[in-house]
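# Observations on chain architecture
Residue-level listing of the chains:
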Amino acid sequence: MAVHYCALCRRSSFSGRRHLYSAAHRRRLREVLSRLQEEVAAARAAAAAAEEEDGGGDGGAAVRRYDPAEHDRRVWCPCCGSGVRRDGRRGPLALPRAALLQHLAGPEHRRETARFWREHRAEAALREQCVVPAEEYERYARALERAVAAHQRREEERIRQMAADIREAERRQRETVRAALQLQTEPEPRAGPASHGPPAAPQRDTSQDAEQPGPSGTHMGPDLNWMEPSQALTFIGHQDTEGKGNVHTGAKPPWLMEEEEEEDGSKQIGPSYEEFLKQKEKQKLKKLPPERVGANFDHTSQTGDGWLPSFGRVWNHGRRWQSRHQFRTESGEKKKKR
């Protein structure tokens, strides 16, 4: 039996084309066709709504503002084996379901649908539910063109209204400025006799009110006549500090004073270099396992040269037979001495 590869199930079958009649293939075929039928039904419903709005509505549902997150979606077409854009686009406008309807009404989709039905042995009654008649798409396209034209007219009218509002606001602003300038240029009425006018205000010292030099005529120096003549301050005497001044006595601020350095240079800030090296060695030892051999060895203890074992000569230089002969020679000499 020849091996048959099913692109719909994405598996190879060793039973040949009998796989097309198996329960797994039929179930997979129903799932794929049901999703396609839902998309086709939604597209045809959108076309019918656009035609109804074209007859009596404003066409707002057929044309929307383009949003990439919403209108860049794709629909998988199992008949053609490719993804198809769901919504169309016309400049800054999005046309819901327009691209999918154009694909479903095209001759290529109809040809691929016939091939898909023939290869996978699908029910012939479901074929017309996965395609859109060309006449229906032509009616939808005409209604869509009228909806786009109506939307453009509404946008132009809105722009003209905004321009008129801006011109009206500018006109009112110019009139307000002109009225304010006219009030400033009108001559002030002359004052009448002093006996008929209101009581004169107390005169002030004009020497202090004179304009002082500086930006925008601001006073650069302190006003020394801020107190009333009847008020007086109590003098509490000079506050002297022991060798230290403050801001009020005119002393130098602490951040401008030089620090007194010791002449011998014995003052040291921070640990010494030797202490730093010891701390560095301790940090290295912390990374080693605590149960290692020699972890508790006291390196400060004093040991002599005789702590090494004197048997076997394993600590001497040279070959092992030299160590053996040397050990025997020493042993014989010790026996003679006894």
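Structure's up top.
These remarks concern the structure in this document. Values in this document were obtained by computation on a predicted structure and should not be read as measured data. (Residues numbered from 1 in each chain as written. Predicted model: local features only at pLDDT ≥ 70, side-chain atom pairs only at ≥ 80, totals over all residues. Heavy atoms only, no water.)

### A word on unusual backbone geometry
Positioned with a positive phi, Arg10 is a non-glycine residue whose angle comes to about 60°. Looking at the element boundaries, Arg10 is found in the loop between strand 1 (4–6) and strand 2 (11–13). Taking the relative accessible area as the measure of exposure, Arg10 reaches 67% and is therefore exposed. A positive phi angle is found at Arg97, which is not glycine, with a value near 65°. Among the structural elements, Arg97 can be located in the loop between strand 7 (93–95) and helix 3 (98–104). You can call Arg97 buried: its relative accessible area is 19%. (Helix = DSSP H or I, 4+ residues; strand = E, 2+ residues; numbered from the N terminus. Buried < 20%, exposed > 50% of the residue type's maximum accessible area, 1.4 Å probe, protein only.)

### A few points about a nonpolar patch on the surface
A cluster of nonpolar side chains, contributed by Tyr273, Phe276 and Leu277, occupies part of the molecular surface with about 340 Å² of accessible area. Tyr273 gets classed as exposed once you look at its relative accessible area, which sits at 57%. (Patch = residues over 30% accessible without salt bridge, like charges linked within 9 Å, V, L, I, M, F, W, Y side chains within 5 Å. Areas by Shrake-Rupley, 256 points an atom, 1.4 Å probe, with all protein chains shown as cover. Salt bridge = Lys/Arg side-chain N within 4 Å of Asp/Glu carboxyl O.)

### Overview of the layout of surface pockets
Put simply, the largest pocket is a space of about 430 Å³. In terms of lining, the largest pocket is formed by 22 residues, of which the most central are Ala7, Leu8, Trp76, Pro78 and Phe116. Those elements that provide at least two residues to the lining of the largest pocket are strand 1, helix 1 (23–56), strand 4 (74–77) and helix 4 (107–120). Among the elements that take part in the lining of the largest pocket, helix 1 stands out by supplying 5 residues, more than any other. (1 Å grid on protein atoms, 1.4 Å probe; cavity = no way out; pocket = protein on both sides within 12 Å on 5 of 7 lines; lining within 4 Å. Points joined across faces, edges and corners; volume = space filled by probe spheres on them.)

### Some words on the packing of aromatic side chains
Taken as a whole, this structure holds 3 aromatic pairs when the rule is applied. Measuring from ring centre to ring centre gives 6.4 Å for Tyr137 and Tyr140, while their planes differ by 45°; the resulting arrangement is tilted. With a gap of 3 residues between them, Tyr137 and Tyr140 both fall in helix 5 (residues 134–185), about one helical turn apart. Residue Tyr140 is classed as buried on the basis of its relative accessible area, which comes to 2%. Here Tyr273 and Phe276 contribute two aromatic rings whose centre-to-centre distance is 6.4 Å and whose plane-to-plane angle is 35°, an arrangement assigned as tilted. (Phe/Tyr/Trp six-rings, centres within 6.5 Å; stacked < 30°, edge-to-face > 60°.)

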